[in-house]
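Take a look at the letters that make up each chain.
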Amino acid sequence: MTDHNADRRGELIAAALVGELSAVEAAEFERMRASDPTIDAELAELHALTGQLSDHPKWLDATPSDELRDAVLAFGAVDGGADGPQSGDRGSGSDRGSGSGSDRDAEAQAAPVTPLRRRRFGGALLAGVAAVGLLVGVVGGFFLPRPETPPPVGDPGTLGAVEPVDFQGEPAGVEIDGSVVAHTWGTETLLTVTGLPSGEFYSVVVVDATGDDVGSGTFLGSEVEINCAVNAAALREEVTSVEIRGESGDVVAAAALPRVEG
């Protein structure tokens, strides 16, 4: 089952990290932070990592100074002079030996000096950058794969915990996989559905202890697998069941929920 809650959580954290939250998303993110205390700790860690990277200098291209060039050429001339006596011993100081030395000096003077890129950072930092890239996963405002923070776990009614529910009564050929998540702002229902007639209207409602219906959301049947998340303005301790209904109001499938103390 696709974890829609974790996907949305990651999207909002990524947007908050780069300052791209809209007003609506900012309000949603604040509600999510209130129900999941691990978000603030993760966001602070990501801010610290990205801040460390931004403090490091960039690569530096440097051209050697004239003094350095002269020093290198002078070193080559001294080295060539040291070979001179040996050549003189073999060639009796012939003009050929002298001429070769002059040619070499002239060639050295004319030879271009190619500036080298100075490496400012070691392998450890590059490895750190790669690790941060996997952890942060933010490029141009898009969220890339990163190690998922496990959602909270606990008994039914635990804020942020995914609570599997068992839908019963669905028609032949229809499969419905569902879960509910308790939030401070209501009860979220996560659905994975296959086999419902394409284009037909369906609604999701939760039923409270008094038997009243609270609308949660709607969707259309599809030829492909449906993955959706809907939310009802009813707290988890008030909800006793979740129902999927057709356009006529008939119940297509229902899941009873265990009672939760408020």
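First things first, this report covers the structure right here in the doc. (Residues numbered from 1 in each chain as written. Predicted model: local features only at pLDDT ≥ 70, side-chain atom pairs only at ≥ 80, totals over all residues. Heavy atoms only, no water.)

Take the sheet that holds strand β11 (residues 239-246) next. Spatially, the four strands line up as an open sheet ordered β9-β8-β11-β12, and their pairing is antiparallel. For this open sheet the edge positions go to β9 (213-220) and β12 (251-256), each flanked by a neighbour on one side alone. On average, each strand axis in the sheet is inclined to that of its neighbour by 20 degrees, with strand direction left out of account. Here seven bridges tie strand β8 (residues 201-208) to β9, and the two strands are oriented antiparallel to one another. (Pairing = 2+ DSSP bridges. Helix = DSSP H or I, 4+ residues; strand = E, 2+ residues; numbered from the N terminus. Axes fitted to C-alpha atoms, helices over the stretch in contact; angles between N-to-C directions.)

A few words now on helix α2 (residues 23-35). Compared with the 18 Å implied by 1.5 Å per residue over 13 residues, the 19 Å span of α2 between its first and last C-alpha is a close match. Considered for burial, the residues of α2 that qualify are F29, M32 and S35. On an axial view of α2, the arc spanned by its buried residues comes to 120 degrees, and they lie on one face. Exposed and oriented more than 90 degrees from the buried face of α2 are A23 and A34. (Expected span 1.5 Å × (residues − 1). Buried < 20%, exposed > 50% of the residue type's maximum accessible area, 1.4 Å probe, protein only. Arc of directions from axis to C-beta.)

It is worth spelling out the side chain of S241 at this point. Along the polypeptide, S241 turns up in strand β11. On the accessibility criterion, S241 (14% relative accessible area) is buried. Among residues more than four places away in sequence, those in contact with S241 are V205, V206, V207, A255, A256 and L257. (Contact = heavy atoms within 4.5 Å.)

Membership of the largest hydrophobic core comes to 24 residues, with the highest contact counts inside it found for F167, I176, L191, F219 and I244. Mapped onto this core, the elements with two or more residues apiece are β6 (175-183), β7 (186-194), β8, β10 (226-232), β11 and β12. Aside from chain neighbours lying at most four places away, what touches F167 is I176, G178, L191, V242, I244, A253, A254 and A255. Counting nine residues, the second-largest nonpolar core is a separate cluster that includes L12, A16, F29 and I39. (Core = buried A, V, L, I, M, F, W, Y, C linked by side-chain atoms within 4.5 Å.)

All right, on to the sheet that holds β7 then. Read from one edge of the open sheet, four strands run β5-β6-β7-β10, paired in antiparallel fashion. Lying at the two open borders of the sheet, with one neighbouring strand each, are β5 (162-165) and β10. Mean inter-strand twist for the sheet, computed between neighbouring axes without regard to direction, equals 25 degrees.

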